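Breakdown of the fold
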Amino acid sequence: MFKNNLKIAIRNLFRQKVYTLINVLGLAVGIASCLLIVLFIQNEFSYDKFFSDHDRIYRMVLERKYPNHSTLYAIIPQSFEGVAKQDFPEIEQSTRVFGQAEFPLSYKNERDEVKQFDEDFVLIADSSFLSLFNFTLVKGSPSSALSQANSVVITQEAARRYFGDADPIGKTLTAGRVDFKVTGVCEDVPANSHFKFSALFSAPSFPFIKNENFTSFSAYTYFKLKPGSDPNALEAKFPKMVDTYAAAQIERNLGKSWADYKKEGNGYRYFLQPLASIHLDPINLEAQMKVGGNRTSVYIMISVAILILVIACINFMNLATARSAERAKEVGLRKVMGSFKKQLVFQFLTESFVLSAIGVALAIVVIQGALPFFNNLTDKQLTFPFTIASISALIGLTAFVGLLAGIYPSFILSSFNPVVVMKGTFTGSQKGKWIRNGLVIFQFWISIVLMIGTLVIQQQMTFMSEKSLGF
């Protein structure tokens with residue numbers, strides 16, 4: 001039965017080449033646009049999820065309250081990491097990193113030639129950093145690479161720039177007037193991570209880190225909680241921790257009591273951010289390592305992807321129902337020969353699935369050609385993965401689009417009265433015309449809304465980039 005329906009479907013599609021071409025191109029462009037947006041959305045939601053136990057890792061951040069306002073910071077005083085690990089049994093592991101932007105590094109080779117680079121971003125990291133965050137070390141040991149003073153771990157990209165193909169382990173990099181021994185090489189930081197660094201300096205190399213500090217903000221602090229621990233319960237303990245450790249230092253520094261300091265409107269609210277939500281967190285934190293995403297924009301993109309797919313399906317439905325008069329005699333003859341409505345529905349759905357499959361296949365070709373331009377536009381490094389999961393998703397998409405686009409035309413075409421059709425007096429119903437006209441209006445309305453939105457955003461971006469700042 002299916003084999004026969006497939007043969008008839010292919011024969012009909014080849015017979016109507018123009019109709020098939022328009023339908024396939026419309027579906028392909030719509031599906032390709034939808035899938036490109038889906039790749040972008042998937043990337044936005046994938047940040048930091050490649051770390052082991054990412055669902056148990058949190059960053060401790062701060063709302064600093066002032067008398068007239070409050071400011072949110074991604075960095076906190078460096079000493080809270082140690083006391084929190086000591087006082088709270090919920091914490092399994094903890095680590096700190098200290099950021100440094102535009103850090104000059106140099107290397108002198110055997111011929112006394114100096115290579116110098118201004119690194120975009122380097123970190124000073126505790127020795128526990130590489131065990132809490134499982135960055136893969138291609139050279140060196142994660143447990144010891146950052147344990148000694150004057151040691152540094154660099155990324156593969158940085159290793160190539162400084163040392164070419166030579167083994168970097170044991171070589172010396174100079175930062176300012178201090179020499180650091182390369183003890184490890186880690187894989188480059190994935191693009192879908194909130195971390196950003198080309199080198200990790202060992203924390204024991206910097207004496208200031210040992211100083212007690214519960215007031216000035218300097219460290220990105222991360223906790224890995226024990227399985228089953230409640231982060232909200234841990235957060236509830238932070239105010240007492242501030243009273244215990246920060247109050248005395250504030251009183252010494254300012255010469256006033258902690259109670260008076262808080263009465264003036266000052267305060268510190270520490271809370272936890274889940275690692276995987278840092279990139280799309282709607283809270284605007286100061287001193288982020290890199291610019292985060294925008295959750296609202298991602299939801300808008302999801303809506304746009306759905307609308308584009310709906311437009312493609314409506315276009316398919318309109319073209320199919322517009323050919324109803326051409327298919328009427330075929331339906332009438334099949335019913336006279338004994339075909340049931342159910343069989344005709346399956347026949348037209350088969351044609352819809354075949355067109356959908358061709359459209360999806362062509363959409364993949366379009367995506368491969370468009371990805372470099374899309375990556376340039378979005379500043380991403382997206383690829384279309386051909387995995388079992390992605391192929392299964394494509395098969396599901398083919399079935400969904402085929403069913404969504406073909407269900408209405410198949411029931412309309414299979415419902416024709418054979419007596420009226422064979423007499424040659426068939427005309428489309430008024431109700432069908434209203435539905436088609438409504439679909440066309442809806443299709444054009446979505447298209448116009450998307451075009452206006454695109455033009456407004458383009459004009460806003462042009463205004464931001466070209467507006468004179470007056471200085």
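In this report, the structure presented in the accompanying data block is examined. (Residues numbered from 1 in each chain as written. Predicted model: local features only at pLDDT ≥ 70, side-chain atom pairs only at ≥ 80, totals over all residues. Heavy atoms only, no water.)

Once that is clear, we can look at the state of the cysteines. For the structure on display, the rule yields 0 disulfides. The thiol of Cys313 is not disulfide-bonded; the next cysteine sulfur, from Cys34, is found 9.2 Å away. (Disulfide = S-S within 2.5 Å.)

Now for the environment of Leu62. Following the sequence through the fold, Leu62 ends up in strand S1 (residues 57–65). Measuring from C-alpha to C-alpha, the distance between Leu62 and Ile75 comes to 7.2 Å, with 13 residues separating the pair along the chain. (Helix = DSSP H or I, 4+ residues; strand = E, 2+ residues; numbered from the N terminus.)

As a further point, take the pairing of strand S7 (residues 172–175). Burial along S7 is one-sided: Leu173 and Ala175 are buried, while Thr172 and Thr174, pointing the other way, are not. Pairing geometry for S7 and strand S8 (residues 178–186), over 4 bridges, is antiparallel. Bridging across to S8, Thr172 finds its partner in Lys181. What sits between S7 and S8 in their antiparallel hairpin is a turn of 2 residues, with Gly176 showing a positive phi close to 65°. (Buried < 20%, exposed > 50% of the residue type's maximum accessible area, 1.4 Å probe, protein only. Pairing = 2+ DSSP bridges.)

With that settled, consider the pattern of salt bridges. In this structure the tally under the stated criterion is 16 salt bridges. A salt bridge links Lys237 to Glu90, with the shortest nitrogen-to-oxygen separation between them at 2.6 Å. Remark: Glu90 occurs in the loop between helix H3 (80–87) and strand S3 (91–108) and Lys237 occurs in the loop between helix H6 (231–235) and helix H7 (238–254); sequence separation between them is 147 residues. Between Asp188 and Arg160 there is a salt bridge, and its shortest N-O distance comes to 3.7 Å. With Asp188 in the loop between S8 and strand S9 (199–202) and Arg160 in helix H5 (residues 156–163), this residue pair connects regions lying 28 residues apart in the sequence. (Salt bridge = Lys/Arg side-chain N within 4 Å of Asp/Glu carboxyl O.)

The next point concerns the side chain of Asn375. Mapping Asn375 onto the fold places it in helix H11 (residues 341–378). Accessibility expressed as a relative area gives 14% for Asn375, which makes it buried. Not counting the four nearest positions on each side in its chain, Asn375 is found in contact with Lys380, Gln381 and Leu382. (Contact = heavy atoms within 4.5 Å.)

Take the nonpolar core next. Counting 33 residues, the largest nonpolar core has Ile31, Leu35, Ile367, Leu371, Phe384 and Val401 as the members making the most contacts within it. Broken down by secondary-structure element, the contributors of at least two residues to this core are helix H2 (17–45), helix H9 (295–322), H11 and helix H12 (388–414). At 12 residues, H2 tops the list of elements feeding residues into this core. In contact with Phe384, other than residues within four places in its own chain, are Leu39, Ile364, Ile367, Gln368, Leu371 and Leu394. Counting residues in hydrophobic clusters, the runner-up holds 30 residues, among them Ile57, Val97, Leu275 and Ile278. (Core = buried A, V, L, I, M, F, W, Y, C linked by side-chain atoms within 4.5 Å.)

Another aspect to go through is the environment of Ala145. Within the secondary structure, Ala145 is located in the loop between strand S5 (137–139) and strand S6 (151–155). Here the alpha-carbon distance between Ala145 and Ser202, two residues 57 residues apart in the chain, equals 8.1 Å.

How two aromatic rings sit relative to each other is given by the distance of their centres and the angle of their planes. Scanning the entire structure with this criterion turns up 31 aromatic pairs. Their ring planes at 80° and their centres at 5.2 Å tell us that Phe51 and Phe135 sit as a pair that is edge-to-face. Here Phe51, found in the loop between H2 and S1, pairs with Phe135, found in the loop between helix H4 (129–132) and S5; they are 84 residues apart in sequence, far enough to count as distant. Accessibility assignment for this pair places Phe51 and Phe135 in one class, buried. The interplanar angle of 45° and the centroid separation of 4.8 Å between the aromatic rings of Tyr73 and Phe217 together place this pair among those described as tilted. In this pair, Tyr73 sits in strand S2 (residues 70–73) while Phe217 sits in the loop between S9 and strand S10 (220–225), placing the two residues 144 residues apart along the sequence. The buried category is assigned to Tyr73, whose relative accessible area is 17%. Joined through ring pairs, the aromatic side chains of Phe50, Phe51, Phe129, Phe133, Phe135, Phe195, Phe197 and Tyr222 make up one cluster. Sitting over the ring of Tyr66, Arg64 keeps its end group 4.2 Å from the ring centre. The ring of Phe117 has Arg161 lying over it, and the distance from NZ or CZ to the ring centre is 4.9 Å. (Phe/Tyr/Trp six-rings, centres within 6.5 Å; stacked < 30°, edge-to-face > 60°. Lys NZ or Arg CZ within 6 Å of the ring centre and 35° of its normal.)

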